[in-house]
Amino acid sequence: VVRVTESGGDSVQAGGSLTLSCQCTGYYPALTMAWFRQAPGKEREGVAAISPWSDFVFYTDAVKGRFTISRDNRKSTLTLQMDNLKPADTARYYCAAGGTYTMTEIRARGEMKVDDFFEWGQGTQVTVSS
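Draft legend 1. Expanded view of the state of the cysteines. Taken as a whole, this structure holds one disulfide when the rule is applied. A sulfur-sulfur separation of 2.0 Å characterises the disulfide bridge that pairs Cys 22 with Cys 95. Since a negative S-S torsion denotes a left-handed disulfide, the Cys 22-Cys 95 link at about -75° is left-handed. Placement of the pair is Cys 22 in strand β3 (residues 18-25) and Cys 95 in strand β9 (residues 91-98), with a sequence separation of 73 residues. The class of Cys 22 is buried, set by a relative accessible area of 2%.

So, in structure tokens, the structure goes:
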């Protein structure tokens, strides 16, 4: 019954900023939420994840210090603030929902996995030009 829908993708210059949003329906606060991205010819990679109560966050090394993930459980929304964008950030970005203990597994493993998440949005395109 859980569904997620992304928005906010656009074309920007290197060094610019974008804010991606994800609206969830049939949402429960106990879900781990995350952002993934996929560029043509590449595997889908985890970008950031956040625990159900926002007590823990995880970022892939490529975006640390530039991206910020947050959530508002009352509004059932997930946000990705992206600053100092680089051409390497060009990809389609996806919102994903996982189980209650997914963040614990991610922290223990040290990486995000696609198989940890059971619901995906259609994605929103981010293009960064130099």
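Draft legend 2. Representation of the pairing of strand β11 (residues 124-129) in the model. Where burial is concerned, the two faces of β11 differ: the one with Thr 124, Val 126 and Val 128 is buried and the one with Gln 125, Thr 127 and Ser 129 is not. The pairing of strand β2 (residues 11-13) with β11 spans three bridges and is classified as parallel. Bridged to Ser 11 within β11 is Thr 127. Here β9 pairs with β11 via three bridges, running antiparallel.

Conventions adopted
- Residues numbered from 1 in each chain as written.
- Predicted model: local features only at pLDDT ≥ 70, side-chain atom pairs only at ≥ 80, totals over all residues.
- Heavy atoms only, no water.
- Disulfide = S-S within 2.5 Å.
- Helix = DSSP H or I, 4+ residues; strand = E, 2+ residues; numbered from the N terminus.
- Buried < 20%, exposed > 50% of the residue type's maximum accessible area, 1.4 Å probe, protein only.
- Pairing = 2+ DSSP bridges.

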